[in-house]
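Each chain, written out:
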Amino acid sequence: MPELPEVETVMRGFRDAFEGHRISHVSVNRPDLRWPFPADLREKLEGRHVLSFRRRAKYILMRLEDGWSMLLHLGMSGRLTIGRAGTNATPPAHEHLVLETDSGARAGLVDPRRFGMVDLIQTSEENSHRLLAHLGMEPLSDAMTGPALADLFRGRRSPIKSALLDQKLIAGLGNIYVCEALFRCGIHPERRTCTLRKEETGALAEAVPQILEQAIASGGSSLRDYVQADGTKGGFQDLHLVYGREGAPCPNCGAESPIQRMTQSGRSTFFCPTCQK
Ligand SMILES: [Zn+2]
């Protein structure tokens, strides 16, 4: 599944190609993904100028003139291929939506498993959309501070790993980045959330955005079928210190303490039992 850094990378590629241009043509090639495409999608998009883009958690929002926004989620296997209109004679399989601009840019939404979604909403009501309304703190924003995390964590007895994955607390953080952040901060994934000390919430508030930025800079994690906007593979997996490295020597304390894997809430957690307390 594309994680936040991949979605940010896709959003930036989409923005670079579409912002400031007019949507000249829209093809909707099937009635639905996870849910039906809005019946008036083509009518609302064609002829409109694209004003700006925004990412919220793993959602991409494209703002148009006339106060409409297109909301896009890539689901489990979706990708957005950005290219030039008219150069791609054979569209790829599973390309369900194509947008073209009057400047010749083309965006194709390819989603073989169709867990993605597209919706239209009023820009002024973006934050109250049913899929966005309950999302927590944006990890790449000024809201992400040690004291803010401490507030969120107060009284929570669940393991810190579950708290960091809880989208109602912090939006858009996935398994890989949570494992990496906890390792970098020396926090054991099973620690009860409410036991984190001030220094630890402060360290997390720094480590989480740092790891996400690092991943964005390298083009996202791309573990499985995800490819970024221009079709190339991302390279963040080369930067993983613990994720997927069960049995490898800990990069911090060395060969005597190999990285371990355990299962928490059905997901794999990778950690160093020596460095993470
Ligand atoms: Zn270690």
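Residues numbered from 1 in each chain as written. Predicted model: local features only at pLDDT ≥ 70, side-chain atom pairs only at ≥ 80, totals over all residues. Heavy atoms only, no water.

### Re the overall build of the protein chain
Alright, step 1. Broken down by element type, the protein chain carries 6 helices and 12 strands.
Alright, step 2. Relative to its length of 277 residues, the protein chain is compact, with a C-alpha radius of gyration of 20 Å against a globular reference of 19 Å.
Alright, step 3. Dimensions of the protein chain, computed from C-alpha atoms along their principal axes, come out at roughly 60 × 35 × 30 Å.
Alright, step 4. Residues counted as buried form 51% of the 277 residues belonging to the protein chain.
Alright, step 5. Per element, the accessible surface of the protein chain, about 12,400 Å² overall, is 47% carbon and sulfur.
Alright, step 6. For the protein chain, the distance from the average position of its 35 positive side-chain charges to the average position of its 33 negative side-chain charges is 6 Å. (Helix = DSSP H or I, 4+ residues; strand = E, 2+ residues; numbered from the N terminus. Rg over C-alpha atoms; globule rule 2.2 N^0.38 Å. Buried < 20%, exposed > 50% of the residue type's maximum accessible area, 1.4 Å probe, protein only. Areas by Shrake-Rupley, 256 points an atom, 1.4 Å probe, with all protein chains shown as cover. Lys, Arg positive; Asp, Glu negative; His and termini not counted. Charge placed at Lys NZ, Arg CZ, Asp CG, Glu CD.)

### As for the coordination of the zinc ion
Six octahedral donors around a metal ideally subtend angles of 90 or 180 degrees, whereas four tetrahedral donors ideally subtend 109.5 degrees.
Alright, step 1. Only C250 (SG), C253 (SG), C272 (SG) and C275 (SG) from the protein coordinate the zinc ion, and they sit 2.2 to 2.4 Å from it.
Alright, step 2. The site at the zinc ion holds 4 donor atoms, and with the angles between them running 104 to 114°, its shape is tetrahedral.
Alright, step 3. Sequence spacing among the residues donating to the zinc ion works out to C-x2-C-x18-C-x2-C. Across the pair, C275 and C272 agree in class, each one buried. (Donors = N, O, S within 2.8 Å, 3.2 Å for Na, K, Ca; no water. Tetrahedral: all angles 85-135°; square planar, octahedral: opposite > 155°, others 65-115°.)

### Structural notes on the sheet that holds strand β4 (residues 68-73)
Paired through their backbone hydrogen bonds, the strands of a sheet run either parallel or antiparallel.
Alright, step 1. Across the sheet, 4 strands lie side by side as β2-β3-β4-β8; this open sheet has antiparallel pairing. Since the sheet does not close on itself, it has two edges, and those belong to β2 (50-56) and β8 (117-122), each with one partner. Strand-to-strand twist in this sheet, taken as the mean axis angle between neighbours without regard to direction, amounts to 20°.
Alright, step 2. The pairing of strand β3 (residues 59-64) with β4 spans 5 bridges and is classified as antiparallel. When the bridges of β4 are listed, Y59 appears paired with H73. (Pairing = 2+ DSSP bridges. Axes fitted to C-alpha atoms, helices over the stretch in contact; angles between N-to-C directions.)

### With respect to the pattern of salt bridges
Alright, step 1. According to the stated counting rule, one finds 18 salt bridges in the structure shown.
Alright, step 2. The partner of E8 in a salt bridge is R12, and the shortest N-O contact between them spans 2.8 Å. Of this pair, E8 and R12 both sit in helix α1 (residues 4-18), 4 residues apart, which is roughly one turn of that helix.
Alright, step 3. R30 is the salt-bridge partner of D32, the closest N and O atoms lying 2.6 Å from each other.
Alright, step 4. You can call D32 partly exposed: its relative accessible area is 26%. (Salt bridge = Lys/Arg side-chain N within 4 Å of Asp/Glu carboxyl O.)

### Quick notes on the side chain of T201
Alright, step 1. Along the chain, T201 turns up in helix α6 (residues 198-217).
Alright, step 2. Setting aside its immediate chain neighbours within four residues, T201 contacts G146, L149, A150, F153 and L196. (Contact = heavy atoms within 4.5 Å.)

### A few points about the environment of A107
Alright, step 1. Examined against the element boundaries, A107 turns out to sit in strand β7 (residues 105-110).
Alright, step 2. The buried category is assigned to A107, whose relative accessible area is 2%.
Alright, step 3. Look past the residues within four positions of A107 in its chain and what remains in contact with it is F14, F18, L80, T81, I82, L97, V98 and L99.

### Regarding the nonpolar core
Alright, step 1. Counting residues in each nonpolar core, the largest one holds 36 residues, and the members touching the most others are L149, F153, I160, L164 and L204.
Alright, step 2. No other element matches the 8 residues that helix α5 (residues 175-185) contributes to this core.
Alright, step 3. Non-local contacts of I160, meaning those with residues more than four positions away in its chain, are made with F153, L182, I187, H188, P189, R191, T193, L196 and L204.
Alright, step 4. One finds M11, M62, L72 and L97 within the second-largest nonpolar core, a separate group that totals 29 residues. (Core = buried A, V, L, I, M, F, W, Y, C linked by side-chain atoms within 4.5 Å.)

### Description of the sheet that holds strand β6 (residues 95-101)
Alright, step 1. Read from one edge to the other, the open sheet built from 4 strands follows the order β1-β6-β7-β5, with strand pairing classed as antiparallel. Two strands in the sheet have a free side with no partner beyond their single neighbour: β1 (23-28) and β5 (79-84). Recorded for the sheet is a direction-independent mean angle of 15° between the axes of neighbouring strands.

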